[in-house]
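Single-letter residue listing:
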Amino acid sequence: MKPSLTPVVAGLALAAIAASSTASAQTVLRASHQFPGGQGDVRDEMVQMMAKKVAEADVGLEIEVYPGQSLFKAREQWAALSRGRLDITALPLDYASGRHPEFSATLMPGLVRNHEHAQRLNDSEFMGMIKDVINEGGARVLADAWLAGGFASSQNCITSPETVDGQTFRAAGPAFEQMLEGAGASIASMPSSEIYTALQTGVLDAANTSSMSFVSYRIYEQVECLTEPGEHALWFMYEPILISEQSWEGLNEEQQQALSAAAEEAEAFFAAEAAGLDQQMVEVYEENGVEVVSMSEEDYNAWLEIAKETSYKNFAENVPNGQALIDAALAVE
């Protein structure tokens, strides 16, 4: 006859079983993005903050963060997310415009005027329409994020439309590509993570990207002149944190609440940082000997005229609800 367990041993055994049960109940979400990890990129910091806050909530939920395209390449993330192969991503939404052309409205020249205007857009009919498309595609927004950006060239300063003539440009999305082509530039499409090498090897002469990417990817090492957003920011891009709808539905209510609360904190953190990123970019470029210029109001208006005849016109004619999306965005003062 086997001896019975002492109360202490019995208690330890029950604790081990309980711990094993808790570990097996832990839900792990994988978060992927293209940006450098642990180097101060605010998009990475948003995701890392969410992972930390969710862990602190102690609801049986963990977020594993895979920065720098270590899990999925930049252009692969939307498809992986919408199919449930990826749980969370921080994504420049226009990267998915090949599947959902409506997303190009979130990188339309001059549609967002400044950081305050971007914040007002978040709760507008315009963003409601965009988020409907995101939902239909199999994902949902956890946190909104808009980044301003500018131009940089290894050839000359980009101000008026004439200054891009003959240069090969990376522009991030179809709307900017069409506008730049209308001004005489050639286009080479690629994610921001490939700009540095393309400039280094002569594939590119110039590029548009966000202020954060201009710093994170050290593009100042390959260019002669930077056009900052300034008072006339032509380039604003929506780069939200998204979750797969399949992954969201797999969470219990307590986990959903904890994730939403963490995302709300991350969004507030980003909003407080966003405007400062532009000045940070200017300082880094000047410190590295790159000339920094701004567009005049005349330059900005000249670009808008080209955009209206190219990207705006094409979007309105060829994208479902294209004109309605433009009108909804322009209605936000």
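Just so you know, these numbers come straight off a predicted model, no measurement behind them. (Residues numbered from 1 in each chain as written. Predicted model: local features only at pLDDT ≥ 70, side-chain atom pairs only at ≥ 80, totals over all residues. Heavy atoms only, no water.)

Kindly report on the environment of Ala271, identifying the contributing residues and their values.
With respect to the element layout, Ala271 can be found in helix α10 (residues 253–287). Given a relative accessible area of 35%, Ala271 falls into the partly exposed group. Ala271 sits 124 residues away from Leu147 along the chain, and the two C-alpha atoms are 9.6 Å apart. (Helix = DSSP H or I, 4+ residues; strand = E, 2+ residues; numbered from the N terminus. Buried < 20%, exposed > 50% of the residue type's maximum accessible area, 1.4 Å probe, protein only.)

Talk me through the sheet that holds strand β4 (residues 139–143); I want residue IDs and the actual numbers.
Strand pairing in a sheet relies on backbone hydrogen bonds. The paired strands run either parallel or antiparallel. Across the sheet, which stays open at both edges, the five strands sit in the order β2-β1-β3-β11-β4 with mixed pairing between neighbours. Each end of this open sheet is capped by a strand with a single partner; those strands are β2 (61–66) and β4. Strand-to-strand twist of the sheet, defined as the mean angle between neighbouring strand axes without regard to direction, takes the value 30°. Lying on the sheet, helix α5 (residues 125–136) is in contact with β4 and β11 (241–244); it crosses β4 at an angle near 125°. The strands touched by α10 within the sheet are β1 (27–32), β2, β4 and β11, with β4 carrying the most contacts at an inclination of about 55°. (Pairing = 2+ DSSP bridges. Axes fitted to C-alpha atoms, helices over the stretch in contact; angles between N-to-C directions. Contact = heavy atoms within 4.5 Å.)

Could you give an account of the layout of surface pockets, naming the residues involved and the relevant values?
By volume, the largest pocket is sized at about 180 Å³. In this structure, the largest pocket is lined by 15 residues; those nearest its centre are His115, Pro229, Gly230, Glu231 and Asp278. Contributions of two or more residues to the lining of the largest pocket are made by α4 (115–122) and α10. Here the lining of the largest pocket gets four residues from one element, more than from any other, and that element is α10. Its residues assigned to classes, the lining of the largest pocket comprises six nonpolar, four polar and five charged. (1 Å grid on protein atoms, 1.4 Å probe; cavity = no way out; pocket = protein on both sides within 12 Å on 5 of 7 lines; lining within 4 Å. Points joined across faces, edges and corners; volume = space filled by probe spheres on them. Nonpolar A, V, L, I, M, F, W, Y, C, P; charged D, E, K, R; others polar.)

So what's going on with the nonpolar core? Residues and values would help.
Trp78, Phe126, Ile130, Trp146, Leu234 and Trp303 are the most contacted members of the largest nonpolar core, which totals 61 residues. Looking at this core, the element that brings in the most residues is α5, giving six residues. When sequence neighbours within four positions are dropped, the list of residues in contact with Leu234 reads Met108, Pro109, Gly110, Phe151, Phe176, Met179, Met295, Tyr300, Trp303 and Leu304. Within the second largest apolar cluster, 51 residues are counted, among which are Phe35, Val65, Leu259 and Tyr285. (Core = buried A, V, L, I, M, F, W, Y, C linked by side-chain atoms within 4.5 Å.)

Talk me through the pairing of β1; I want residue IDs and the actual numbers.
Judged from the six bridges that link them, β1 and β2 form a sheet pairing that is parallel. Paired with Ser32 across the bridge in β2 is Tyr66. Each parallel crossover has a hand, and the one from β1 via helix α2 (residues 42–57) to β2 is right-handed. As paired strands, β1 and strand β3 (residues 88–90) are joined by two bridges and run parallel to one another. If you follow Ala31 over to β3, its bridge partner there is Ile88. (Right-handed = clockwise from strand over helix to strand, strands pointing away.)

Give me the state of the cysteines: which residues, what numbers.
What the rule picks out here adds up to one disulfide. Cys157 shares a disulfide with Cys225; S-S distance 2.0 Å. Where Cys157 bonds to Cys225 through sulfur, the torsion about that S-S bond is close to 100°, and the disulfide is right-handed. Residue Cys157 is found in the loop between β5 (146–153) and β6 (168–170), and its partner Cys225 is found in strand β9 (residues 225–228); the two are separated by 68 residues along the sequence. Of the residues examined, Cys225 reaches a relative accessible area of 3% and is grouped as buried. (Disulfide = S-S within 2.5 Å.)

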